[in-house]
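Descriptive analysis of the structure
Residues per chain, in single letters:
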Amino acid sequence: MVVLYDLNSDRLMSEAECNAILDLMKSTNRLHYAIFYTLAMTGIRVSELCDLKWGDINLDAKTMIIRHGKREKKRVVIFTEPLKKVLFDLGFHITGRVFKGQKGTFTRMAIHNILKKYLKILGLRPEISCHSFRHYYAIYLLNHGASLPLVQKQLGHSNIVTTSCYLQYTKDYAQRLEKILKVEGETDDHSEFLREVD
């Protein structure tokens, strides 16, 4: 049996909330939009975004190397064509940090403060954080047919059980659970259940 770790649901962000934030940023500040669109479309952590360099991005292959993930793990993250355009429009450079402000490299706190400003303007819940974009990305992938191992790889989770916590927030969770319970009730062979969560 797989135990689903509980997420603080207050910190989860709906698609409508995410779109409202990104739409306002897109119309007011191109750099802010690029930062949070990257978070929403890759699921990388804020610390990983701050550390991201142009040399880590391959626009042709639509991949980015996260060199200093949690516990210093390195991984490759795949991204989409729309994000490729957003990054290209920033002005591609050979070296240096991808996201820099007038005062230099962004810090985690600076990015958190940027988000807080937009939440206040839009009247959205203050519980939404930069990490909410990571949760949003994971649930978005699962809702659009991505396998659990793929989501695990994109997020850089060491244990797939950590990734499985997002299943309970997907649109077809009830159907998945019904299928699992039906299989477990009919047989002692749990291979079907394991395929569901692997």
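Above this text is the structure in question.
Sequence order sets the numbering: in each chain, residues are counted from 1 along the sequence as written. Reporting in this predicted model follows two pLDDT cut-offs: at least 70 for local features of residues, and 80 or more for side-chain atom pairs to be given and counted; totals over whole chains, interfaces and linings ignore these cut-offs and use all residues. Only heavy atoms go into the side-chain values, all of them from the structure, while hydrogens and water stay out.

1. Details of the nonpolar core
Short version of the rule: Nonpolar cores are built from buried Ala, Val, Leu, Ile, Met, Phe, Trp, Tyr and Cys residues. Side-chain atoms within 4.5 Å join them into one set. Only protein chains enter the area calculation, which uses a 1.4 Å probe; residues under 20% of their type maximum are buried, those over 50% are exposed, and those in between are partly exposed. What counts as a helix is a DSSP run of H or I of at least four residues, what counts as a strand is a run of E of at least two, and both are numbered from the N terminus. Whether two residues are in contact is decided by their heavy atoms, any of which lying within 4.5 Å being enough.
In terms of nonpolar packing, the biggest core is built from 43 residues, with Phe36, Ile57, Met64, Leu87, Phe99, Ile111 and Phe133 touching the most fellow members. If you list the elements that add at least two residues to this core, you get α1 (15-28), α2 (30-42), α3 (46-51), β2 (63-66), α4 (81-91), α5 (108-122) and α6 (130-143). Here the element with the most residues in this core is α2; it accounts for nine residues. Contact partners of Phe99, with chain neighbours within four places excluded, come to Leu31, Ala34, Ile35, Thr38, Leu49, Leu52, Leu87, Leu90, Thr105 and Phe106. The next biggest cluster of nonpolar side chains, apart from the first, holds 13 residues, and it includes Leu12, Ala138, Ile139 and Leu142.

2. A look at the packing of aromatic side chains
This is how it is decided: Stacked, tilted and edge-to-face pairs are distinguished by plane angle, under 30 degrees for stacked and over 60 for edge-to-face with tilted covering the rest, among Phe, Tyr and Trp rings (Trp via its six-membered ring) whose centres lie within 6.5 Å.
For the structure shown, the criterion picks out three aromatic pairs. Both rings, one in Tyr33 and one in Tyr37, keep their centres 5.3 Å apart while their planes meet at 25°; by these two values the pair is stacked. Of this pair, Tyr33 and Tyr37 both sit in helix α2, four residues apart, roughly one helical turn. Across this residue pair, the class does not change: Tyr33 and Tyr37 are buried. Relative to Phe133, the ring of Phe36 lies with its centre 5.3 Å away and its plane at 55°, an arrangement referred to as tilted. Highlighted residues: Phe36 in helix α2 and Phe133 in helix α6, separated in sequence by 97 residues. Its relative accessible area of 0% is what places Phe133 among the buried residues.

3. Observations regarding the pattern of salt bridges
Here is the rule: Put simply, a salt bridge is a Lys or Arg side-chain nitrogen that is within 4 Å of an Asp or Glu carboxyl oxygen.
Within this structure, the stated rule accounts for eight salt bridges. Between Asp89 and Lys85 there is a salt bridge; the shortest N-O distance is 2.9 Å. With Asp89 and Lys85 both in helix α4 and four residues apart, this pair spans about one turn of that helix. Here Lys85 falls in the exposed class, since its relative accessible area comes to 52%. A network of salt bridges, in which partner residues are shared, links Arg45, Glu48 and Arg75.

4. Description of unusual backbone geometry
Across the chain, the bulk of peptide bonds are trans and the bulk of non-glycine residues have phi less than zero. The phi torsion at Lys62 lies on the positive side, around 55°, for a residue other than glycine. Relative to the elements of secondary structure, Lys62 occurs in the loop between β1 (57-58) and β2. For Lys62, a relative accessible area of 23% puts it in the partly exposed group.

5. Here's the deal with α1
What counts, and what does not: Multiplying 1.5 Å by the residue count of a helix minus one yields the expected span of that helix.
With 14 residues, α1 should cover 20 Å at 1.5 Å per step; its first-to-last C-alpha distance of 20 Å lies within 8% of that length. Those residues of α1 that are buried are in contact with α2, α5 and α6.

6. Considering the sheet that holds β1
Filter applied, for reference: Only strands joined by at least two bridges in the DSSP assignment are considered to pair.
If you trace the three strands from one edge of the open sheet to the other, you get β1-β2-β3, paired in antiparallel fashion. The strands lining the two open edges of the sheet, one partner per strand, are β1 and β3 (75-78). Two elements, β1 and β2, share two bridges in a ladder whose sense is antiparallel. Bridge assignment links Asn58 to a residue of β2, and that residue is Thr63.

Shape is all these values report; function is a separate question.
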